[in-house]
Amino acid sequence: MADRSDELALFGGEPVITLPRPHEVWPPPADPAELAALAAQRDDDISIKGRCGPIARFETEFLEFLEGRVRHAVTFNSGTSALFAAYFALGVTEGVEVVGPALTYHAALSPVYALRGSVVLADVDVQTRGISPAAVRAAITENTRVITVVHQWGHPCDMDAILRIAEENGLRVLEDCSHAHGSRYKGRPVGTFGDAAVFSLQANKAVFAGEGGILVTDDRAVHDRATLLGHYRDRSREEIDDESLRRYWVSGFGLKLRMSPFNAVVASHALAAFPERKEARHRCLRYLTDRLADVDYIEPVHVCDEVDMGAWYGYKPLYRPKALEGISRGTLIAALRAEGMEVGAPSGPRLATLPLYCAEANPLFPEARYLPNRVRPGTNAEFVEAHALSLPTFYRWPQDKELIDHYVEAFHKIHRHRVALAEYDTRSR
Ligand SMILES: *Cc1c(COP(=O)(O)O)cnc(C)c1O
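Residues numbered from 1 in each chain as written. Predicted model: local features only at pLDDT ≥ 70, side-chain atom pairs only at ≥ 80, totals over all residues. Heavy atoms only, no water.

Participant: Is there a simple way to explain helix α6 (residues 159-169) in this structure?
Facilitator: Residues spaced three or four apart along an α-helix face the same direction, because each turn holds 3.6 residues. Here α6 has its buried residues at M159, A161, I162, I165 and A166. Down the axis, α6 shows its buried residues gathered within 165° of arc, on one side only. Contacts from the buried residues of α6 go to α5 (133-139), β4 (144-150), β5 (172-176) and β6 (184-185). Note on α6: the residue one or two positions beyond its end, G170, has a positive phi of about 65°. (Buried < 20%, exposed > 50% of the residue type's maximum accessible area, 1.4 Å probe, protein only. Helix = DSSP H or I, 4+ residues; strand = E, 2+ residues; numbered from the N terminus. Arc of directions from axis to C-beta. Contact = heavy atoms within 4.5 Å.)

Participant: Explanation requested: the sheet that holds strand β2 (residues 97-101) in the structure shown.
Facilitator: Sheet strands associate in pairs through backbone hydrogen bonding, adopting either a parallel or an antiparallel arrangement. Reading across from one edge, β1-β9-β8-β5-β4-β2-β3 is the order of the 7 strands in this open sheet, with mixed pairing throughout. Unpaired on one side and paired on the other, β1 (72-76) and β3 (118-122) mark the two borders of the sheet. Adjacent strand axes in the sheet meet at a mean angle of 20° when their direction is disregarded. Against the sheet, helix α2 (residues 53-65) engages β1, β8 (196-200) and β9 (213-217), with an angle of about 130° to β1. Relative to β9, helix α3 (residues 79-89) is tilted by about 30°, and along the sheet it contacts β1, β2, β4, β5, β8 and β9. (Pairing = 2+ DSSP bridges. Axes fitted to C-alpha atoms, helices over the stretch in contact; angles between N-to-C directions.)

Participant: Would you mind showing me how to read the packing of aromatic side chains here?
Facilitator: In this description, a pair of aromatic rings is defined by centroid distance and the angle of the planes. This structure, assessed with the given rule, holds 17 aromatic pairs. Judged by centre distance (5.7 Å) and plane angle (75°), the ring pair of Y185 and F193 falls under edge-to-face. Positioned above the aromatic ring of Y105, the side-chain terminus of K205 is 5.8 Å from the ring centre. The ring of W26 carries the charged tip of R281 above its face, separated from the ring centre by 4.8 Å. (Phe/Tyr/Trp six-rings, centres within 6.5 Å; stacked < 30°, edge-to-face > 60°. Lys NZ or Arg CZ within 6 Å of the ring centre and 35° of its normal.)

Participant: How should I be thinking about the site of the ligand in this particular structure?
Facilitator: Near the ligand, the surroundings consist of 15 residues, among which G79, T80, D176, S200 and K205 are the closest. Backbone polar atom of G79 to an oxygen atom of the ligand: 2.8 Å apart, as the coordinates give it. Between T80 and the ligand, the recorded distance is 2.5 Å, taken from a side-chain N or O atom to an oxygen atom. In isolation the ligand offers 380 Å² of accessible surface; the protein chains occlude 92% of this area. (Near = heavy atom within 4 Å. Polar contact = N/O pair within 3.5 Å; in protein donor to acceptor, adjacent residues only side chain to side chain. Areas by Shrake-Rupley, 256 points an atom, 1.4 Å probe, with all protein chains shown as cover.)

Participant: Can you help me understand the pairing of β3 in this one?
Facilitator: Two faces, one strand: in a regular strand the side chains alternate between the faces of the sheet. Among the 5 residues of β3, 5 are classified as buried, and the element is accordingly described as predominantly covered. Burial along β3 is two-sided: S118, V120 and A122 facing one way and V119 and L121 facing the other are all buried. In this sheet, β3 lies alongside β2 in parallel orientation, the contact comprising 5 bridges. Within β3, the residue paired with V98 across the bridge is V119.

Participant: Before we go on, may I ask you to explain the pattern of salt bridges in this structure?
Facilitator: Pairs can form between side chains of opposite charge whenever their charged atoms are close. Counted by the stated rule, this structure contains 29 salt bridges. Residue R42 is joined to D43 by a salt bridge in which the shortest nitrogen-to-oxygen separation is 3.6 Å. Judged by relative accessible area, D43 falls into the exposed class, the value being 69%. (Salt bridge = Lys/Arg side-chain N within 4 Å of Asp/Glu carboxyl O.)

Participant: For this particular structure, what's the right way to read the sheet that holds strand β7 (residues 188-189)?
Facilitator: Ordered in space as β7-β6-β11, the 3 strands form an open sheet in which the pairing is antiparallel. On the outer flanks of this sheet lie β7 and β11 (307-308), each paired with one strand and no other. Across 2 bridges, β6 lies against β7 in antiparallel orientation. Paired with Y185 across the strands is R188, a residue of β7.

Participant: Honestly, unusual backbone geometry in this entry has me stumped. Any pointers?
Facilitator: Note: most peptide bonds trans; most residues except glycine with negative phi. Along the chain, R21 connects to P22 via a cis peptide bond; the corresponding omega equals -5°. Turning to its location among the elements, P22 is positioned in the segment before α1 (32-44). In this chain, W397 is followed by P398 through a cis amide linkage whose omega measures 5°. Although it is not a glycine, E67 sits at a positive phi angle of roughly 60°.

Participant: Sorry if this is basic, but what is going on with the layout of surface pockets here?
Facilitator: Left-over empty space is what a probe sized like a water molecule reveals as it rolls over the atoms. The calculated volume of the largest pocket comes to roughly 810 Å³. Broken down by element, the residue count for the lining of the largest pocket peaks at 3 residues, all from α3. A per-class count over the lining of the largest pocket returns 14 nonpolar, 16 polar and 7 charged. (1 Å grid on protein atoms, 1.4 Å probe; cavity = no way out; pocket = protein on both sides within 12 Å on 5 of 7 lines; lining within 4 Å. Points joined across faces, edges and corners; volume = space filled by probe spheres on them. Nonpolar A, V, L, I, M, F, W, Y, C, P; charged D, E, K, R; others polar.)

Here it is as structure tokens:
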């Protein structure tokens, strides 16, 4: 008689993971001090016009978080707004090309279109998941002005190579650090390498305001132009050095993209709690990585020697179907979910599949001089997109250890039943 007690949950057996859901609780709830600060802000000031109050406090704390390696920080109402201001400040306009990664969150590059620029997608590296320096080199033309790197899922890009290419070609570098608060490359915090950097502070991010973003730069001219674009009146009058820009302080350049003080209060508390949360997250994810070493069909997240994963935003190992009878990723995910796992395919598609990125003309400004994307098949980006799994970024240590053990046990259970699951997979194709 077959032992029914070990049957796959997908086929009616008992699930392995029975601990209460959700397994990933983020953002964590506020503590009483944060709630009190929010309540106090309500009657103190609910609309901050300059660089003062909780806005100034958070910006100063953020520069300290970056170890004082850059001098200027400007908050915005979202990471997307901060990126828009950064592209504007770096001179993106009609006829300018920005080279960026083929697989990332769209907002890293989408604001380029609103400035009438063109985006040129470059392939990613399978290990770092960030933009590949060789692909950047191949994408550069006489119109290129900016290289955008995204430290994808917390893993820093190969910054030595990127900075060398930028220097050789006279290009500016923008770092999108929205996944990588606290990540380091060769000991130095990301966000301090490029001409400008943006950290989203959206609720899912490791340091969160709810909605918000922060632009940091050591370049006074970048600071002044970004400020003028999104912070008219007090802040432009008080903070902009360049007289030829400051004279626009009343109207700015027409947009209001600033952060609310409530979001800054939340962000300060999240930043203060970050070091401890980061440490616990690393313990959880290092433990998960070690335990996944015996699961042949999963390639754990690779961390290069010279980097610190910082925020470690998302845990995305790669599925190796050849080690599991060629079972499709969809069937694997269904079987793991039936075992009680919170797992899926990463949510962001390759940018070349989005209508904004594959149009023949700029969809916002069809008459603008424009370079349509050169989309090449068979890329690393396609490979990562097709094989990555998204697991919870566990962060409660040691409480999550038991949950991680159950996850690993579910992976082993699938392996024991691979033949039956492969038959099911073939039937359901
Ligand atoms: C979240 C994110 C953004 C956008 O930030 P918002 O604050 O949501 O506007 C940009 N780039 C990357 C890589 C992100 O993950």
